[in-house]
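Architecture at a glance
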Amino acid sequence: MDTEDAGWLYSWSLAIPSTSDHKDAAWDFVSWMTNKEYIKLVGERFGWERVPPGSRYSTYEVPEYREISQAYAQPTLDAMDGASQESSMTHPVPYEGLQFVAIPEFQDLGTRVGQQISAAVAGQITVDEALEQSQAYAEQVARTYQREEGQ
């Protein structure tokens, strides 16, 4: 299946665990870090190039941000408008969703892969080494979900 908007778009996917002892404080923090005033604070204090792209549609209305994001603003807005569960891949896949894999190990795998990529960016290991180790981590997780032959 060909699709005009194939690809996935990272999202913040913020949540507050139901087991949290500090739900109100967590909600206050999440509300603060996602509001227009926070975006303005980041832009004015640290520079508009440091504002996370794709975090708020309203950010693209701020003249300073519009100026600094000319190279990527429209493609980001187009990606946000086109992202859906149904049109995220160019070929059929056996799962629902854009990128998240709903297994307990997913967050840890993401952290491990992120550490490898960071090490490569810092020059501590090569890109090939980072990819090889990341693939090994992914295969280790995948083995726990493989079916035995005949099942």
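Shown above is the structure to which this text applies.
Residues numbered from 1 in each chain as written. Predicted model: local features only at pLDDT ≥ 70, side-chain atom pairs only at ≥ 80, totals over all residues. Heavy atoms only, no water.

This part is about the side chain of Thr 59. Inspection of the secondary structure puts Thr 59 in the loop between α2 (36-46) and α3 (63-68). Non-local contacts of Thr 59, meaning those with residues more than four positions away in its chain, are made with Ile 39, Val 51 and Tyr 65. (Helix = DSSP H or I, 4+ residues; strand = E, 2+ residues; numbered from the N terminus. Contact = heavy atoms within 4.5 Å.)

Considering the arrangement of structural elements, one finds Glu 129 in helix α6 (residues 127-143). Judged by relative accessible area, Glu 129 falls into the partly exposed class, the value being 42%. Considered as a pair, Glu 129 and Ala 119 are 10 residues apart in the sequence and their alpha carbons are 9.7 Å apart. Within the structure, Glu 129 has its side chain in polar contact with the backbone nitrogen of Thr 126 (distance 2.7 Å). (Buried < 20%, exposed > 50% of the residue type's maximum accessible area, 1.4 Å probe, protein only. Polar contact = N/O pair within 3.5 Å; in protein donor to acceptor, adjacent residues only side chain to side chain.)

The relative placement of two aromatic rings is captured by the distance of their centres and the angle of their planes. For the coordinates displayed, the defined rule picks out 3 aromatic pairs. Ring geometry for Phe 29 and Trp 32: centres 5.9 Å apart, planes at 40 degrees, overall tilted. Of this pair, Phe 29 and Trp 32 both sit in helix α1 (residues 23-33), 3 residues apart, which is roughly one turn of that helix. Owing to a relative accessible area of 40%, Trp 32 belongs among the partly exposed residues under this scheme. Between Tyr 60 and Tyr 65, the aromatic rings sit 5.3 Å apart at their centres with planes inclined by 85 degrees, giving edge-to-face as the arrangement. In this pair, the class of Tyr 60 matches that of Tyr 65, namely buried. An aromatic cluster is built from Phe 29, Trp 32 and Tyr 38, whose rings are joined through pairwise contacts. Positioned above the aromatic ring of Tyr 137 is the side chain of Arg 112, whose terminal nitrogen or guanidinium carbon lies 4.9 Å from the ring centre. (Phe/Tyr/Trp six-rings, centres within 6.5 Å; stacked < 30°, edge-to-face > 60°. Lys NZ or Arg CZ within 6 Å of the ring centre and 35° of its normal.)

Following both chains from N to C, one finds helix α5 (residues 106-121) and α6 inclined at 170 degrees, their axes separated by 8 Å at the closest point. Of the possible angle classes, the one that applies to α5 and α6 is roughly antiparallel. Residues Leu 109, Arg 112, Val 113, Gln 116, Ile 117 and Ala 120 of α5 form the contact with α6, whose own contacting residues are Val 127, Glu 129, Ala 130, Gln 133, Ser 134, Tyr 137 and Ala 138. A breakdown of the residues in the contact of α5 with α6 according to their chemical character gives 8 nonpolar, 3 polar and 2 charged. (Axes fitted to C-alpha atoms, helices over the stretch in contact; angles between N-to-C directions. Parallel < 35°, antiparallel > 145°, perpendicular 65-115°, else oblique. Nonpolar A, V, L, I, M, F, W, Y, C, P; charged D, E, K, R; others polar.)

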